[in-house]
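Architecture and fold: a report
Each chain, letter by letter, is given below.
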Amino acid sequence: MQAADRKPTTAVRADPVLVRINGAVKHFPIGGFGGLAVRAVDGVDLEIRRGETLGLVGESGCGKSTLARLVTALLPVTAGSIMFDGQDITRLRGSKLRRVRRRMQIIFQDPFASLDPRMTVGDILQEPLDNFSIGTVRERRVRVQELLRLVGLNPNFTNRYPHEFSGGQRQRIGIARALAVNPSFIVCDEAVSALDVSIAAQIINLLQDLQREFNLTYLFIAHDLAVVRHLSDRIAVMYLGKVVETADRNDIYDRPQHPYTKALLSSIPVPDPAVERERAPISLKGEIPSPVNPPSGCRFHPRCPIARAPGICSDVDPPLEPHGAEDQAAACHFAGQF
């Protein structure tokens, strides 16, 4: 073959985005109320890149946990799509969905409620291996001991029950269960919120070590904004079912573009009594609107300190578009103007 006849070969690069959320919607109908529904997630567009930790923050009831369950296919979407490694998991059923489930796991907030009190730790950790027929019976038992050792627990604890462990140890068991089937993506849904500060720090360090060792991708949901900054590469802020800002962790903390993000950040206490006394946190007026009947236009406008009424804020829903630094986006008509 002549040189001129040879076709150039190009290396196929993996998509840097592992999870793509496109217009995800989840409504929970309220029976007997004339078609009303709780609009828990109401049009979310988000990307989670391979090997990164995306932090997801927002007030209670904004839809964070619902979004986590949509991403892991624990709940069906009302509308929109969720792509996992190039595959639309919202359309998968049966054995095809089962194969994808092995690659994604979730760590729940309450380490006691998420573990069956009637099962030993060994049975809890072996159950996912049994479900996916991974290894022989002997190999599964060895794997259970490896998992306990991996999360810093005695491998001889397999015959103990969840109530015999502390809260931090139970959360380590929850992490071990999530790792059992070698996933590539793990959702941490308030995984340290039920733990005291010192134990939470140990769990966070463990999650970071595991991410480096196994090249894991995390969606990390939390209320503690200081923890989110420490652990996350990028951060997304949710308000009333929508994402209102995304950015690199340093950009979002140093140069927030959405007024809601700025108000959230102002609530973080400063570990210096003199500075804390002089600081004036932003106090938002009013209550969070109901997700059953959210405001028109920008959902934040009834509480927003820079909303312009009557006008665009109350009439037009702002799209999530680039504002501020590179790779930063905000859903605000007057982003950064405060």
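Since the structure is predicted, the reported quantities are computational estimates derived from the model, not experimental observations. (Residues numbered from 1 in each chain as written. Predicted model: local features only at pLDDT ≥ 70, side-chain atom pairs only at ≥ 80, totals over all residues. Heavy atoms only, no water.)

1. Overview of the sheet that holds strand β11 (residues 321–322)
Operational definition: At least two DSSP bridges between two strands are needed for those strands to be called paired. In this description a helix means any DSSP run of H or I spanning at least four residues, a strand means any run of E spanning at least two, and both kinds are numbered starting from the N terminus.
Across the sheet, 8 strands lie side by side as β6-β7-β8-β3-β9-β10-β12-β11; this open sheet has mixed pairing. Of all strands in the sheet, those bounded by a partner on one side alone are β6 (104–107) and β11. One ladder, built from 6 bridges, connects strand β9 (residues 234–239) with strand β10 (residues 242–248); its direction is antiparallel. The partner of Met-238 across the bridge, within β10, is Val-243.

2. Section: the nonpolar core
What counts, and what does not: Here, nonpolar core means buried Ala, Val, Leu, Ile, Met, Phe, Trp, Tyr and Cys residues that are tied together by side-chain atoms lying within 4.5 Å of each other. Only protein chains enter the calculation, and the probe is 1.4 Å; a residue is then buried if its accessible area is under 20% of its type maximum, exposed if over 50%, and partly exposed in between. Whether two residues touch is decided by their heavy atoms; if any such pair falls within 4.5 Å, the residues are in contact.
Core analysis: the largest hydrophobic core is formed by 60 residues, its most contacted members being Ile-175 and Phe-220. Of all the elements, helix α6 (residues 197–214) adds the most residues to this core, at 6 residues. Those residues in contact with Phe-220 that sit more than four places away from it in its chain are Thr-53, Leu-54, Gly-55, Leu-56, Cys-188, Val-192, Leu-207, Val-227, Val-228 and Leu-231.

3. Some remarks on the sheet that holds strand β5 (residues 87–88)
Pairing in this open sheet of 4 strands is antiparallel, and the strands run β2-β1-β4-β5 from one edge to the other. Taken across any chain shown, the strands that pair with only one partner, and hence form the sheet edges, are β2 (37–49) and β5. Examined bridge by bridge, strand β1 (residues 17–29) and β2 share 10 bridges and lie antiparallel to one another. Counted as the bridge partner of Pro-29 is Ala-37 from β2.

4. What to know about the environment of Gly-168
Topologically, Gly-168 is positioned in helix α5 (residues 167–179). What makes Gly-168 buried here is its relative accessible area of 9%. Residues Gly-168 and Asn-215, 47 residues apart in the sequence, show an inter-C-alpha distance of 23 Å. Not counting chain neighbours up to four residues away, the residues in contact with Gly-168 comprise Leu-195, Ile-199 and Ile-203.

5. Quick look at the packing of aromatic side chains
Worth spelling out the cut-off: Two rings from Phe, Tyr or Trp (for Trp, the six-membered ring) form a pair when their centres sit within 6.5 Å of each other. Planes less than 30 degrees apart are called stacked, planes more than 60 degrees apart edge-to-face, and all others tilted. Lysine NZ or arginine CZ positioned within 6 Å of the ring centre and within 35 degrees of the ring normal marks a charge as sitting over the ring.
Here the structure, examined in full by the defined rule, presents 5 aromatic pairs. With centroids separated by 6.2 Å and ring planes inclined at 45°, the aromatic side chains of Phe-84 and Phe-185 adopt a geometry described as tilted. Remark: Phe-185 occurs in strand β7 (residues 185–189) and Phe-84 occurs in strand β4 (residues 79–84); sequence separation between them is 101 residues. Accessibility classification places Phe-84 together with Phe-185 in one group, the buried group. A connected cluster of aromatic rings, assembled from ring pairs, spans Tyr-239, Tyr-260 and Phe-300. The ring centre of Phe-28 lies 5.3 Å from the NZ or CZ of Lys-26, which sits over that ring. Here the guanidinium or amino end of Arg-98 rests over the ring plane of Phe-132, the centre of that ring lying 4.8 Å away.

6. Here we look at the pairing of β10
When you tally the buried positions in β10, you get 6 out of 7 residues, the bulk of the element. A loop of 2 residues connects β9 with β10, the two strands running antiparallel in sequence, and Leu-240 in this loop sits at a positive phi of about 50°. Looking at chain direction, β10 and strand β12 (residues 329–330) are connected through 2 bridges and run antiparallel. Bridge pairing in β12 links Glu-245 to Ala-330.

Geometry only, nothing functional implied.
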